[in-house]
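# Descriptive structure summary
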Amino acid sequence: MRIRGFLAGLTALVLLTGCGWDDAGLSQVPSAEGEWEMEQKSFEELAQILRGFGVEGITEDVIRQLEDGEAMRGDEFCLDRTASLLMWAGSGTTDWDSMAWTPAENGVYTFDREVFRLETMYTDFLRGVSALGGEELSFENIREDTGGVDWERGTGRRTVSFDWDGESYVLEAENHNDWFDVSAADALNRIILSRETGKSLYFATDGYQECIVFYRDSAWAEAFQTQTGLELFQFFAR
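This write-up is about the structure you can find in this document.

Conventions used here
- Numbers given to residues run from 1 along each chain, matching the order in which its sequence is written.
- Thresholds applied to this predicted model are a pLDDT of at least 70 for local features of residues and 80 or more for the giving and counting of side-chain atom pairs; totals over whole chains, interfaces and linings are not thresholded and use all residues.
- Here the side-chain values reflect all heavy atoms present in the structure, with hydrogen atoms and water set aside.
- With a 1.4 Å probe rolled over the protein chains alone, any residue whose accessible area is under 20% of its type maximum counts as buried; one over 50% counts as exposed, and the rest are partly exposed.
- A run of H or I in DSSP becomes a helix once it reaches four residues, and a run of E becomes a strand once it reaches two; helices and strands are each numbered from the N terminus.
- It is the directions from the helix axis to the C-beta atoms whose arc is reported.
- Only buried Ala, Val, Leu, Ile, Met, Phe, Trp, Tyr and Cys residues count toward a nonpolar core, and they belong to the same one when joined by side-chain atoms within 4.5 Å.
- The contact rule is simple, with two residues in contact once any of their heavy atoms fall within 4.5 Å.
- Simply put, an axis is a line fit to the C-alpha atoms, just over the touching stretch for a helix, and the angle between two N-to-C directions goes from 0 to 180 degrees.
- By convention the crossing between two helices is left-handed if the near helix lies anticlockwise of the far one by an angle smaller than a right angle, and right-handed if it lies clockwise.
- All residues other than Ala, Val, Leu, Ile, Met, Phe, Trp, Tyr, Cys, Pro, Asp, Glu, Lys and Arg, Gly among them, are scored as polar; the first ten of these are nonpolar and the last four charged.
- Stacked, tilted and edge-to-face are the three classes applied to pairs of Phe, Tyr and Trp rings, where Trp contributes its six-membered ring and a pair requires centres within 6.5 Å; stacked means planes under 30 degrees apart, edge-to-face means over 60, and tilted covers the rest.
- Two thresholds decide whether a charge sits over a ring: the Lys NZ or Arg CZ must be within 6 Å of the ring centre and within 35 degrees of the ring normal.
- In what follows, roughly perpendicular refers to angles from 65 to 115 degrees, roughly parallel to angles under 35, roughly antiparallel to angles over 145, and oblique to any angle outside these ranges.

### Observations regarding helix α2 (residues 43-52)
Those residues of α2 lying buried are Phe-43, Leu-46, Ala-47 and Leu-50. What you see down the axis of α2 is that its buried residues fit within an arc of 100°, all on one side. Positioned one or two residues after α2, Gly-54 has a phi angle of 85°, which is positive.

As structure tokens, then:
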């Protein structure tokens, strides 16, 4: 199985060509023969496969909306179907009156790397990841310090601290306007790996700017990648 490094340059605004990244080396065109077979399956068939890997929250209504969207776009529809299902399952819910966001607890966490809630960008990331692991990833006392951010220029640095199982940790991130700094995701995964839980974070992309996150062991990751054709990464950059 190939679970390889990703490109830190995905934090910057990138040029999209067709259905894939232009210069990040990632194409939305299936790169393995098995992926073509997956793309021939219906949304319902793919949802059933994902349920077998512990991914919940994919309802009949979700499947119907995706089918309707694909029918509307016709040949122009180019999002990976498996990734589309995962995005629905892992995006959580937002109360648009209070703007409060609640992470999903469906076995997957997804977020747009061009972030909407700027002030709590990394707080929300930690909350989303924490929801993947239940008691195993019980991050507490999350505090995000944006004092070093120049909001007008979109530059600077920020930190987010948290407590986990009696230890305190701090993640640092560069500010790239409204883009998530993936080095923070790498740093968190290194912390998780250092705790030797037998699991780690695995990342995937929808081919655009959505990040898909799992917290699983290597055997699950290998089987998931083999059966879904969706490539997983342990780190965005080596």
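### Brief notes about the nonpolar core
Membership of the largest hydrophobic core comes to 31 residues, with the highest contact counts inside it found for Phe-162, Phe-180 and Leu-188. Within the residue set of this core, elements represented by two or more residues are β5 (109-112), α5 (121-133), β8 (155-164), β9 (167-174), α6 (182-194), β10 (200-205) and β11 (210-216). Here Leu-188 is in contact with Phe-125, Leu-126, Val-129, Phe-139, Phe-162, Leu-171 and Leu-201, once residues within four sequence places are set aside. Membership of the second largest hydrophobic core comes to 24 residues, among which are Phe-43, Phe-53, Val-108 and Trp-220.

### Regarding the packing of α2 against helix α4 (residues 81-90)
Two numbers describe how α2 lies on α4: the axes approach to 10 Å, and their chain directions differ by 65°. As for the relative orientation of α2 and α4, their crossing is right-handed in sense. Listed contacts from α4 to Phe-43, Leu-46, Ala-47 and Leu-50 of α2 are Arg-81, Thr-82, Leu-85 and Leu-86. Its residues placed into classes, the contact of α2 with α4 shows 6 nonpolar, 1 polar and 1 charged.

### Describing the packing of aromatic side chains
Applying the stated rule across the entire model yields 18 aromatic pairs. An aromatic cluster of at least three residues, connected via ring pairs, comprises Trp-101, Tyr-109, Phe-111, Tyr-122, Phe-125 and Phe-180. One cation-aromatic arrangement involves Arg-81 over Phe-43; the distance from NZ or CZ to the ring centre is 5.4 Å. The ring of Trp-164 has Arg-195 lying over it, and the distance from NZ or CZ to the ring centre is 4.3 Å.

### Considerations on the packing of α5 against α6
Remark: α5 packs on α6, axes separated minimally by 11 Å, with the N-to-C direction vectors making an angle of 40°. Overall, the two elements α5 and α6 adopt an arrangement that is oblique. Handedness of the α5/α6 crossing: right-handed. Packed against α5, whose contacting residues are Tyr-122, Phe-125, Leu-126 and Val-129, the element α6 presents Ala-184, Ala-185 and Leu-188 at the interface.

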